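# Breakdown of the fold
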Amino acid sequence: MEGKWIWLNRKDHPELQVAPFTVFSKDNKDFKFCVAEFSKSFVLSKRVLFFKVSIAAFSKYFLWVNDDYIGEGSCCPGHENGRDEKATKAYFTEYTLPPKGNHLDFKVLVRNIPVTNTEATCGTGALVLSCEIVYDDGTMDVVSTDDSWDVSIVERFISKSLVDYSLGESQKEKAEIKNLNVVLTDSQLQCLTEEKVLPNRNDVFVCPPGIEAVFTVEFGRIWSSHVCLTATGDDYELTIGTIESGDELQSEETVLSKGNIKYRSMNLYSAEKVIIKVKNNGEKEVRIFDVQLDFVHYPSTSRAMFATSDDELNKIWSICTHTDSICRQSVLLDSVLKRNAFEKIGEKRVQALNEYYVFGETALAKSDILKTAEIIDYSDGQMTDTVSPLIWAMMLWDYYVYTGDSKLFDETKNAQLKIMSEFQTYLGSNGLFEKCKDYSSVDKVVIDGFDMMYPPKALGQATLMAFYINALNIFAKISAVTEDDKLGIMSRRALSNAISAFNTNFYDSINNLYFAGLGTTTRNTSNTNPENVNRKYYIRHPNILAVLFDICKAENRANIVSNIVKNSDLGPVQPYFMNYLFEMLLKTGDFKYYGIEIIRRWSSLLDSQEKKLSENWGDYLGDFSHASSTCPSHVLVKAFLGFEMIKPGFEEIKLSPSLFGLENASISMPTPYGAIECRMKNGKEPKISVPGGIRCVVAR
């Protein structure tokens with residue numbers, strides 16, 4: 001990009017020159033909030049074919065070109081939740097736009113202060129933009145941000161949640177160039193797309209003078225969205241709230257106005273209902289109409305299809321896929337409500353698998369893999385959640401399996417080596433993790449009074465070790481692909497020792513099960529590493545992983561699988577960890593016996609109208625916009641196709657379609673070569689279509 005970073009000038013706006021790095025800054029309230037409007041117009045003397053606009057900002061931008069609203073950003077810079085770190089890298093997004101007359105007009109609103117977990121700054125508000133103008137005669141010009149751009153403060157934006165339309169804009173002045181030590185990087189992501197979502201009833205709401213009233217607008221499903229409306233009146237106050245489910249407000253904004261407004265919230269919400277409270281202070285009635293949502297999400301040109309004779313499975317698949325779609329932003333969010341991006345990588349892995357096998361996209365997952373690798377590298381192999389670096393290794397391998405692209409192995413080599421080095425320091429003389437900071441996290445359940453997100457060693461040690469063993473196995477496989485002898489020797493030696501320690505210390509031959517951890521004394525107890533209990537716990541989680549990761553002996557596998565599925569004494573497993581259970585069942589061939597009935601449990605996650613998906617079963621708190629509970633999206637598609645990747649990147653696959661006792665099914669799976677399609681009807685041979693370029697073996 002040829003543009004310069006620009007912002008409000010220091011002389012006139014000294015109080016707006018600094019901003020917190022993240023929402024986790026301890027002195028967040030000491031900074032002044034503002035929204036700055038940047039603008040510049042150009043007259044074009046030649047016929048234009050297209051414009052290519054590249055843009056980044058701290059902390060958030062909204063872009064208009066030639067009076068058309070284009071989109072919002074910036075791409076999440078990549079940092080762990082809870083950390084107050086300066087952004088040293090900015091990811092820019094490219095927009096390719098058609099011409100409009102003989103002019104080029106830019107307007108950009110930039111918010112200076114982070115207001116969500118996924119936003120960051122380098123310590124100031126700032127904008128950078130560059131635009132290539134491609135003419136029909138083959139020539140090109142470049143225009144970009146510099147100190148000739150106009151800037152003004154949009155005074156009506158007082159805070160994240162307060163807008164006063166009686167205030168206008170400050171006088172326009174010239175922007176000032178900021179010399180920022182920030183690396184500008186192409187996000188390689190598409191710009192987010194927006195779609196209008198109309199309410200179930202498109203009513204006009206009327207509030208008489210001197211009256212307070214409340215109106216409810218319903219949209220049928222939860223949407224990742226900006227609230228939009230039009231209002232008329234002479235003096236009134238609106239309080240606009242959003243609800244995911246039930247009656248509890250998740251957000252509220254106050255809008256003050258003396259006149260007519262077209263309002264669009266700057267904030268992205270998870271909304272199924274919009275609650276509008278009106279306080280009419282004027283002498284005319286207030287009318288509110290055109291209430292709608294701008295649904296914001298990452299675009300996808302293809303999507304899997306799952307349509308069967310079983311309405312229950314169809315509903316489960318549909319709501320899981322929709323819930324996942326609203327979390328597809330410029331980063332894979334855990335939920336639109338909580339806006340966590342890099343705290344729990346296990347949840348992100350579920351989303352990445354849906355990206356591949358449901359949406360046919362790889363860019364978002366790739367971006368998150370690379371950003372997570374930077375966090376791991378920067379933190380010497382650690383993340384806030386102890387298990388996350390190990391699950392990140394699974395994401396790295398999943399990407400290779402789907403794409404066949406091994407370049408990420410070299411780009412993330414430092415992260416791989418630092419994981420190897422860091423986790424070896426956790427090992428005690430027994431070959432198990434005895435020196436780690438904690439055993440987080442396992443699952444969103446409570447067992448024996450312990451939150452399994454932060455379990456004691458007796459409940460978390462075996463699960464953490466199992467993920468470590470799998471990561472070592474992945475690193476060994478990566479070394480074979482990249483011919484990295486050093487990584488291969490290190491990982492294979494550590495793998496052999498870890499498997500031996502796991503089976504020696506955790507396997508109970510009498511019960512033919514693994515228990516969850518040793519009851520020995522815990523080092524360095526804390527809020528996340530509670531004091532250990534001297535008790536053997538038999539739970540599903542380490543047993544699922546022992547089978548899935550080939551840790552258990554082959555002769556013990558069938559009995560362990562039977563115990564996992566049938567033994568109610570092994571305790572609960574939440575939807576997030578069910579992803580590993582389904583992977584295990586597909587691997588062992590037992591999905592045909594148990595898989596469909598287990599997936600039917602998702603019916604209890606649906607609300608009474610079957611429009612929303614709860615995050616968890618039972619009493620463990622959760623929300624309704626959480627992608628961690630959406631694993632049936634990819635599992636059902638792969639299971640009905642009997643899909644197996646024989647050689648990475650769809651060089652060779654195996655299909656063994658099954659109806660699982662249903663009357664009929666139509667399934668499609670997106671691939672880089674086109675869609676795999678299968679139509680099945682009971683009593684007839686499946687009709688299978690596989691794109692050219694994919695070698696396919698069909699097993700009947």
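Scroll up a little and you will see the structure.
Now for a description of the structure that goes with this document. (Residues numbered from 1 in each chain as written. Predicted model: local features only at pLDDT ≥ 70, side-chain atom pairs only at ≥ 80, totals over all residues. Heavy atoms only, no water.)

### Focus on the environment of Ile688
Filter applied, for reference: Runs of E in the DSSP output that reach at least two residues are strands. Runs of H or I that reach at least four are helices, and both are numbered from the N terminus.
Looking at the element boundaries, Ile688 is found in strand β33 (residues 687–689). In this structure the C-alpha to C-alpha distance between Ile688 and Pro657, which are 31 residues apart in sequence, comes to 8.9 Å.

### Some thoughts on the side chain of Ser388
What counts is decided by this rule: Between buried and exposed lies partly exposed: a residue is buried under 20% and exposed over 50% of the maximum accessible area for its type, with that area taken using a 1.4 Å probe on protein chains only. Contacts are residue-level and defined by heavy atoms, with any inter-residue pair within 4.5 Å sufficient.
Structurally, the position occupied by Ser388 is in helix α4 (residues 388–403). Take Ser388: its relative accessible area is 1%, and that puts it in the buried class. Ignoring any residue separated from it by four or fewer positions in sequence, one finds Ser388 in contact with Glu343, Lys344, Ile345 and Met383.

### Section: the packing of aromatic side chains
For any pair of aromatic rings, the description rests on two quantities: the centre-to-centre distance and the angle between the ring planes. To keep it simple, the criterion reads: We call Phe, Tyr and Trp rings a pair once their centres come within 6.5 Å, taking the six-membered ring for Trp, and we label the pair stacked below 30 degrees between planes, edge-to-face above 60, and tilted otherwise.
The tally for this structure, following the rule as stated, stands at 41 aromatic pairs. With 6.3 Å between their ring centres and 80 degrees between their planes, Phe42 and Phe106 make a pair best called edge-to-face. Pair noted here: Phe42 is in strand β2 (residues 35–43) and Phe106 is in strand β7 (residues 103–111), with a separation of 64 residues, a long-range link. You'll find Phe42 and Phe106 in the same group, each marked buried. When the centroid spacing of 5.7 Å and the interplanar angle of 40 degrees are considered together, the rings of Phe582 and Trp602 count as tilted.

### Regarding the pairing of strand β32 (residues 674–681)
Heads up, the rule is: We treat two strands as partners when DSSP finds at least two bridges between them.
Looking at chain direction, strand β31 (residues 664–671) and β32 are connected through 8 bridges and run antiparallel. Residue pairing across strands places Ala665 opposite Met680, the latter belonging to β32. Taken together, the 3 bridges between β32 and β33 define a ladder with antiparallel strand orientation. If you follow Glu677 over to β33, its bridge partner there is Ser689. Between β32 and β33, which pair antiparallel and follow one another directly, the connecting turn spans 5 residues, one of which, Gly683, has a positive phi of 90 degrees.

### Digging into the packing of helix α10 (residues 554–566) against helix α11 (residues 575–588)
Our working definition: Interaxial angle, 0 to 180 degrees, is taken between N-to-C directions of lines fitted to C-alpha atoms, where a helix line uses only the stretch in contact. Angle categories are assigned with fixed cut-offs, so that under 35 degrees is roughly parallel, over 145 is roughly antiparallel, 65 to 115 is roughly perpendicular, and the rest are oblique. Handedness of a helix crossing follows the sense of rotation of the near helix relative to the far helix, less than a right angle counterclockwise being left-handed and clockwise being right-handed. Just so you know the grouping, Ala, Val, Leu, Ile, Met, Phe, Trp, Tyr, Cys and Pro go in nonpolar, Asp, Glu, Lys and Arg go in charged, and all remaining residues, Gly too, go in polar.
Packing of α10 against α11 leaves a shortest axis separation of 12 Å and a crossing angle of 140 degrees. Overall, the two elements α10 and α11 adopt an arrangement that is oblique. By crossing handedness, the relation of α10 to α11 is classed as left-handed. On α11, the residues that touch Arg557, Val561, Ile564 and Val565 of α10 are Leu581, Met584, Leu585 and Thr588. Residues of the contact of α10 with α11, tallied by class, amount to 6 nonpolar, 1 polar and 1 charged.

### Some details on the pattern of salt bridges
Convention followed: By convention in these notes, a salt bridge is any Lys or Arg side-chain nitrogen within 4 Å of a carboxyl oxygen on Asp or Glu.
Going through the model one piece at a time under the given rule, you end up with 40 salt bridges. The residue Lys612 makes a salt bridge to Glu272 at a minimum N-O spacing of 3.7 Å. One end of the pair, Lys612, is in the loop between α12 (591–599) and α13 (632–641); the other, Glu272, is in strand β22 (residues 269–280), and 340 residues separate them in sequence. Accessibility expressed as a relative area gives 2% for Glu272, which makes it buried. Across the salt bridge formed by Glu652 and Arg695, the nearest N and O atoms sit 3.5 Å from each other. With Glu652 in strand β30 (residues 652–655) and Arg695 in strand β34 (residues 695–698), the pair connects residues that are 43 residues apart, well separated along the chain. By relative accessible area, which is 15% here, Glu652 ends up buried.

### Remarks on the side chain of Asn267
Note the following rule: Here a polar contact is recorded for every N or O atom pair within 3.5 Å, except that within protein the pair must consist of a potential hydrogen donor and a potential acceptor, and residues adjacent in sequence are included only if both atoms are side-chain atoms.
Counting through the fold element by element, Asn267 comes out in the loop between β21 (261–264) and β22. For Asn267, the side chain forms a polar contact with the side chain of Glu253, separated by 2.8 Å. Setting aside anything within four residues of it in sequence, one finds Asn267 in contact with Arg111, Val115, Lys160, Ser225, His226 and Glu253.

### Brief notes about empty space enclosed by the protein
Threshold: Whether a set of points on the 1 Å grid over the protein atoms alone is a cavity depends on a 1.4 Å probe fitting there but being unable to get out, while an open set qualifies as a pocket with protein on both sides within 12 Å along at least five of seven lines; lining residues are those with an atom within 4 Å of a point. Grid points are joined across faces, edges and corners, and a volume is the space filled by probe spheres set on the points.
Within this structure, the stated rule accounts for 6 cavities of 30 Å³ or more. There is about 190 Å³ of room inside the largest cavity.

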